[in-house]
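Notes for the structure review
Take a look at the letters that make up each chain.
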Amino acid sequence: PISSKHIKTLSEAHEDCVNNIRFLDNRLFATCSDDTTIALWDLRKLNTKVCTLHGHTSWVKNIEYDTNTRLLVTSGFDGNVIIWDTNRCTEDGCPHKKFFHTRFLMRMRLTPDCSKMLISTSSGYLLILHDLDLNKSLEVGSYPILRARRTTSSSDITSSGSSGPRAVGSPCHQNNSGPLSEKTLSRPSQREGGSPRNSLEVLTPEVPGERDRGNCITSLQLHPKGWATLLRCSSNTDDQEWTCVYEFQEGAPVRPVSPRCSLRLTHCIEEANVGRGYIKELCFSPDGRMISSPHGFGIRLLGFDAHCSELVDCLPREASPLREIRSLYSHNDVVLTTKFSPTHCQIASGCLSGRVSLYQPKF
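Cut-offs used in this document
- Residues numbered from 1 in each chain as written.
- Predicted model: local features only at pLDDT ≥ 70, side-chain atom pairs only at ≥ 80, totals over all residues.
- Heavy atoms only, no water.
- Disulfide = S-S within 2.5 Å.
- Buried < 20%, exposed > 50% of the residue type's maximum accessible area, 1.4 Å probe, protein only.
- Patch = residues over 30% accessible without salt bridge, like charges linked within 9 Å, V, L, I, M, F, W, Y side chains within 5 Å.
- Areas by Shrake-Rupley, 256 points an atom, 1.4 Å probe, with all protein chains shown as cover.
- Salt bridge = Lys/Arg side-chain N within 4 Å of Asp/Glu carboxyl O.
- Helix = DSSP H or I, 4+ residues; strand = E, 2+ residues; numbered from the N terminus.
- Core = buried A, V, L, I, M, F, W, Y, C linked by side-chain atoms within 4.5 Å.
- Domains from an automatic or database assignment.

1. Considering the state of the cysteines
Overall, the coordinates contain one disulfide when judged by the stated rule. Between cysteine 89 and cysteine 94 runs a disulfide, and the two sulfur atoms are separated by 2.1 Å. The structure places no disulfide on cysteine 233, whose sulfur is separated from the nearest cysteine sulfur, that of cysteine 244, by 5.0 Å. For cysteine 233, a relative accessible area of 1% corresponds to the buried category.

2. Topic: a nonpolar patch on the surface
The grouping of Val18, Ile21, Phe23 and Leu43 at the surface amounts to a nonpolar patch, some 380 Å² of accessible area in total. Within the secondary structure layout, phenylalanine 23 lies in strand 1 (residues 18-23).

3. Points about the nonpolar core
Counting residues in hydrophobic clusters, the biggest one holds 19 residues, and the most contacted among them are Val73, Val81, Phe99, Phe100, Met117, Ile119 and Leu134. Those elements that place two or more of their residues in this core are strand 6 (71-76), strand 7 (80-85), strand 8 (96-101), strand 9 (105-110), strand 10 (117-121), strand 11 (126-130) and strand 13 (199-203). With three residues, the single largest contributor to this core is strand 9. Taken together, domain 1 (15-101) and domain 2 (106-134 + 198-362) each give at least three residues to this core, which thus spans both.

4. Topic: the pattern of salt bridges
Taken as a whole and judged by the stated rule, the model has 16 salt bridges. Between arginine 88 and aspartate 85 there is a salt bridge, with its nearest N and O atoms 3.0 Å apart. Among the residues examined, aspartate 85 registers a relative accessible area of 15% and is labelled buried. A salt bridge links glutamate 310 to arginine 289; the shortest N-O distance between them is 3.6 Å. Residue glutamate 310 is located in the loop between strand 20 (298-303) and strand 21 (320-321), and its partner arginine 289 is located in the loop between strand 18 (283-284) and strand 19 (290-295); the two are separated by 21 residues in the primary sequence. Overall, glutamate 310 belongs to the buried group, its relative accessible area being 11%. Bridged by salt links that share partners, the residues Arg232, Glu241, Glu271, Lys280, Arg300 and Glu324 form one connected network.

5. Re unusual backbone geometry
Positive phi, close to 75 degrees, is recorded for threonine 36, a residue that is not glycine. Of note, threonine 36 is situated in the loop between strand 2 (28-33) and strand 3 (37-42). Classification of threonine 36 as partly exposed rests on a relative accessible area of 23%. In this structure, phenylalanine 104 takes a positive phi of about 65 degrees despite not being glycine. With respect to the element layout, phenylalanine 104 can be found in the loop between strand 8 and strand 9. Under the relative-accessibility criterion, phenylalanine 104 is labelled buried at 9%.

Printed below as a string of structure tokens:
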């Protein structure tokens, strides 16, 4: 990153858009694409793929990895979350299973300790699988349900039907069908001393100004220490966008009939209404003290307070505005993604026309 030396180009890595890249260790990495496949690569031999993984039926948008079990987790616009066993890879692929299905799936993330899986949807729902066990074989209808705050509808979360692909950059806003099917759900079987494994919580996160209009959760990130989740939400009419931080509140419901309420809105800020319909990917800094957010033709660096304090040191009683630390503009088109380097004091941003900019602070 310092010298910007060109190392290698994989010009035919996929047959369509490459959506996500995930390093599994210091030599293996995976890529996923709109061609519905995932590819595994070895840095020592980049002329050919280690293998190609087939299992999704629509655009694959997200890759996660559990370093403890060496299980690869992918999600796509077919609504499926698929688990791949990289311990038993061959040239023909890896053993895999469909772990979860929901309509209107946008993004899927694992917490740093892999104890939870979060899934965002274009219909405004946030799904949380608690006490996650990726080795557990799940079938549709076997998810113990923990009632959640502001869940107003109950249809289609674990439906066996698959939603079709959506147009690039145009999230299909759905506000008339929620994600939970009562007919396919089993009653929770409580484990001793806590909630059942893979218990499902369904939330409609509070978004300022969107209580009556609904919203689409387009971007989902997690605090590097697992304290909070970061969402980018747009209104169903695409005339407002918000960046919101929600603190995790641990603990099982006091009574089986009481809501779990795992997330609490702590900070938010309205974003520039530029590039309507396109998904803007934001991120936390490696220490979790700052947020980098696409903002029009640039990015904004946001803090929980003016001193870039830790989140746990400035938790408000009620939701407070994120503080703008600095704005950086170097693009001639709408910025769609931004990322902090995990090892260098740098930030990267990429825009709609294909330009990537690197920023390095002056000391």
